[in-house]
Every structure is written in C-alpha cells, then in structure tokens.
Amino acid sequence: MNYAYYPGCSAKGTGRSYEESLNAVFGALGTGLDELKDWNCCGASGYPAVDMAKAVALSARNLALAEGARPGPAPVDVIAPCAGCYRALLKTERALADGGAVAARVSGALGAAGLRYEGRARPRHPLDVLVNDIGLDRIAEATVQPLRGLRVACYYGCLLVRPYATFDDRRAPTSMERLLAAAGAEPIDWPLRTRCCGGSCYCGGPLIGALPDATLRLSHRLLADAKQRGADAIATVCPLCQFNLEAFQGQMARKFDEPVSLTVGFFTQLLGTALGLDRRALGVHRMLQWRLPEPAGAEGGTHV
Amino acid sequence: MGLSSLDSAPGAAHEVLPQFCMQCGTCSVVCPMIDYMEHSPRVLNAMLMAGSYEDVLRSRAIWACTGCYACTVECPKQLSVTESIYALKRASLRTGVYPRRFVTPVLALQFVRLINRRGRSSEAWISLSLYLRTRPFQLLRYAPVALRLMRRGRLPLWSDSLREPAQLRKVLDALEVTTGEDR
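About the thresholds
Starting afresh in each chain, residues are numbered from 1 along the sequence in its written order. Labels follow written order: the first chain is A, the first ligand is 1, and so on. With pLDDT at 70 or above as the cut-off, local features in this predicted model cover only qualifying residues; side-chain atom pairs require 80 or more to be listed or tallied, and sums for whole chains, interfaces and linings still use all residues. Segments assigned H or I by DSSP are reported as helices when at least four residues long, segments assigned E as strands when at least two residues long, and all are numbered from the N terminus. Given the number of residues in a helix, its expected span is that number minus one, multiplied by 1.5 Å. Throughout, the edges of the domains are those of an automatic or database domain assignment. In this description, a residue-residue contact is defined by the distance between C-beta atoms placed from the backbone, which must lie within 7 Å. When buried Ala, Val, Leu, Ile, Met, Phe, Trp, Tyr and Cys residues are joined through C-beta atoms within 7 Å, the set is termed a nonpolar core. Whether a residue is buried, exposed or partly exposed is read from the other C-beta atoms within 10 Å of its own C-beta, which are placed from the backbone; 20 or more gives buried, 12 or fewer gives exposed, and intermediate counts give partly exposed. Only strands joined by at least two bridges in the DSSP assignment are considered to pair.

Caption draft 1: Representation of helix 11 (residues 138-151) of chain B in the model. An ideal rise of 1.5 Å per residue puts 20 Å on 14 residues; helix 11 of chain B measures up with 21 Å between its terminal C-alpha atoms. Directly beyond the C-terminal end of helix 11 of chain B, a positive phi value near 75° is found at G153 of chain B.

Structure follows, in structure tokens:
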C-alpha cells in the first residue's frame, strides 16, 4: 500500500529533485506516495519562534488531513522527507500526546475547523522507511548499478536525529551509511555528519541572508572536511542542507580562499542511480553540479 | 506590553528559567553558532539565573540560535536548552525588546505573516522581501545563484497556496486568544 506523503514547501522549490527522486525510488521498489491534499507549511523554525501553539497546530492540521484521507482504526504513516518538517511533525505528535494545556487548545482549534487528530498519523522519514520497512536486502537485490568506488559522506544535519531519535542514534547515526553501502557505495567515516550546516532555521540559508557569514562558514567547514576525508560526494536528507552545501560553493571558495567543489545530492538520488533509474527522473538535471566517479567494471579494481 | 508581563506569566517564566543549570558549559562547547553570540548559551543561563531577563531578551545571541538541538542532546542535566531559547525568542517579540536591526527576528515575523496569509512558504518571495527590507545591496551578490536555480526550475516565483485557506484560517484564529501561558 502507498504511504501518505507530506512534501513540505521546499520540495516544491529548491528541493524539487528530492521529491522527484523520492517518487522514482519508491516506485521502483514497488510502493508509492499519496500527497496530502491541501497541506500547509510545517512552520519550520520560524513559526515556533513567534507562537508555539500555532506552530503545533500547523502540523496538527497536516496530521489530521492524513487521518481524514484514511478512515479506520489503522495507523497512517506520513512520509516527510524534509528533516525540518519531520521534526515539526514529531514535535506536534508528542505535544498532542502529552495531554497538556497546548494539546487541549490545539485540539479545540482543530475542532473549530471541523478537524480531528486521533493520534493514528505517525510521521516517518523516508530513510527510516527504506532501511526498516523495505529493508537492506531488498535494496541490495534491486541494485543494478552498484555505486562501486563512490566514496560518500552521509550528512544527517541537525533535525533528522535531534532532538527526537526515532530510528537511529542521536550522536552517531548509521542508517544512511548502511543504506548506501547496500547500494554498493563506500561511505566514509565522518564525525561531522550531524553538525549544523547553519541554515536549518531560516529556510534558505545565505540566499535569505539571515546570517550569511555564519552559514557560509559552517557549510564550508563541512565541505572542506568531507573533501579532506576523501569524499567524492555528500548525500543529504534535508532540502535546506542540500541547498546550503551546494549553492554557495563559489562564494565559499572566494571567502575562505579554499575551493570546495563537491557534488551534493539527496540520498534518494544516489540510491536511485544504483537502482538504474533515469537521471531526469531523479532530478539530476536540476543540480548545480553532478560529478560521480565512473563506476568500476564488474571485474574492476576497488577504489584505494 | 512591558517586561513585567514575563513575571505575570508563570508558565512562560517556568519555561525559560534553567533552574537546574550547573554551569558546566557543555551547551556552549557544542553550539555551532557560539562565534556569533555576544553571550554564550552557558552565560545566557547564568544571566537568567541571576535575574537579568531583560538583557537576555535584548540580546542577539538568542536570535543567532539555529535550533539545531546539539545543546539539548548533550546537556548532562537534560535541560531543554533549545526549547528555552525558542521561549526567549517569543518573549523578546512579545515584550517588543528584540534587536530590531538584527535580521533573524525580522525574518521570523515575515515568515509567520506569509504562512498566515498563504498557508505555504515561498523561498523566492521570502528571500526577496527580506533582502529588500534589510539589505537591498546584497541582492546583487546572490542574484547569480538565484538565476541558476530559476533556470533549473528550483526557484519558482509563484508557489501554490491552499485551495481552501478558510480551514487553516479557522484553526489559527481559534488560537488567537493568548494567555501568555503557552505561547
């Protein structure tokens, strides 16, 4: 059965190729995504800085929509690919489950609009679904073009594993490394993989110019370190991280006098490549740069 | 509304007061934004414990927080440092003492206005309006990046808004009455 799907605003903008590659990968693995009708913004981290109850209510409406589309007693898994949306949905799920003052007010507000959240809708991240529902055996089986020789730095950023560690460790997550290894890649050891890119908050990082210098510096540190550790590419799980790390490499090179040209893609794009999917279906044509090492032949040597 | 509203809002005060902070400084060590804060997270906690709310609320430091939760995960006393900083941001807006010339509170307010009006965010719209408001000359610096994204369909000028905005409107309106307790 298909999963319910909450895209979030970035999936329709800078992160379009995340949505495209996610759809393509799930389709290739025999499942699909049903987009929630008339979903609203999750509130990101701008809204909770202004009004917490309303921020909780934004995601509550989305969870209520998911339940409304699938009546019955069964739990509804809602896939949220953006790490920021994923955290916002989890925050709401927990705030409403604890039965405190915010829960009562938000439930009342939903009721005023003819909505109800029963607690059946559960936020899920596609990385969790791929590793734990679909499974690494199935991924390895479906891999027709192993990412042999691709040294990949798996970047989790902040909000996928913090503060809620739903399916992986908060300090040393391994899901993405295991997933991409099953697809034939060689994940590098990268201690900075949960360090903030500097733009988690402010949807768009330096483009928006919240604190451009800070964002450039934090992102540059990540790119430079990944490169130093021999990475050919960085795999991301968040449209904001992807954007921050990819779009400003030119500015970083000028500012820090150290070029950091590196392919930064969504983990679903790399996985889709291993599954033999078309570049266009994976949104590769939307990337500002995309250079992966030529895969070694079946009998070819390993990358040393 | 003055700062005294903090005292009359026990819920909010409780939320922001790090009563069990032992000043170990772990939050400051793991904070990725500490170089951009005039008071480190540990010092912010010390100031709160000493009763200097107003200085904390006026600071840029709370608005430099990206909300990455590194401090929350590492705090040996398991304090919700990040949520406290969110509460401080709300209190600084509520009392009107937030740093007006700093860009992040302006962005948060703009963002909320956009969501209230359209139900969804638009990266192009919000970045453009923010630049125009805070530093129009920087627009040129990032225009080439914006153009490259547009050519690849990644920066649509118009994004979808909701088909039935009335429903979301009702939800948000129902929460309009605030007591200060859980804002």
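Caption draft 2: Quick look at the domain arrangement of chain A. All names here are of chain A. Along its sequence, chain A is carved into domain 1 (3-124) and domain 2 (141-286). Distance from the C-alpha centre of domain 1 to the C-alpha centre of domain 2: 24 Å. Counting residues at the interface gives 23 residues for domain 1, matched by 27 residues for domain 2. Those elements that provide at least two residues to the side of domain 1 that touches domain 2 are helix 1 (16-28) and helix 3 (83-97).

Caption draft 3: Spatial organisation of the interface of chain A and chain B. Across the contact, 53 residues belong to chain A and 58 residues belong to chain B. Secondary structure elements with two or more residues in the side of chain A that touches chain B: helix 2 (52-69), helix 4 (101-112), helix 7 (205-208) and helix 8 (212-228) of chain A. Among the elements that make up the side of chain A that touches chain B, the one with the highest residue count is helix 4 of chain A (seven residues).

Caption draft 4: How the structure looks around the nonpolar core. Counting 148 residues, the largest nonpolar core has A57, V106, V152, L179, L180, I234 and A235 of chain A as the members making the most contacts within it. Every residue in contact with A57 of chain A, bar those within four places of it in the chain, is listed here: V106 and A109 of chain A together with V171, L172 and L175 of chain B.

Caption draft 5: Region of interest: the sheet that holds strand 8 (residues 263-266) of chain A. With respect to topology, four strands assemble into an open sheet ordered 6-5-7-8 (chain A), the strand pairing being parallel. Bordering the open sheet on either side are strand 6 (186-187) and strand 8 of chain A, each of which pairs with just one other strand.

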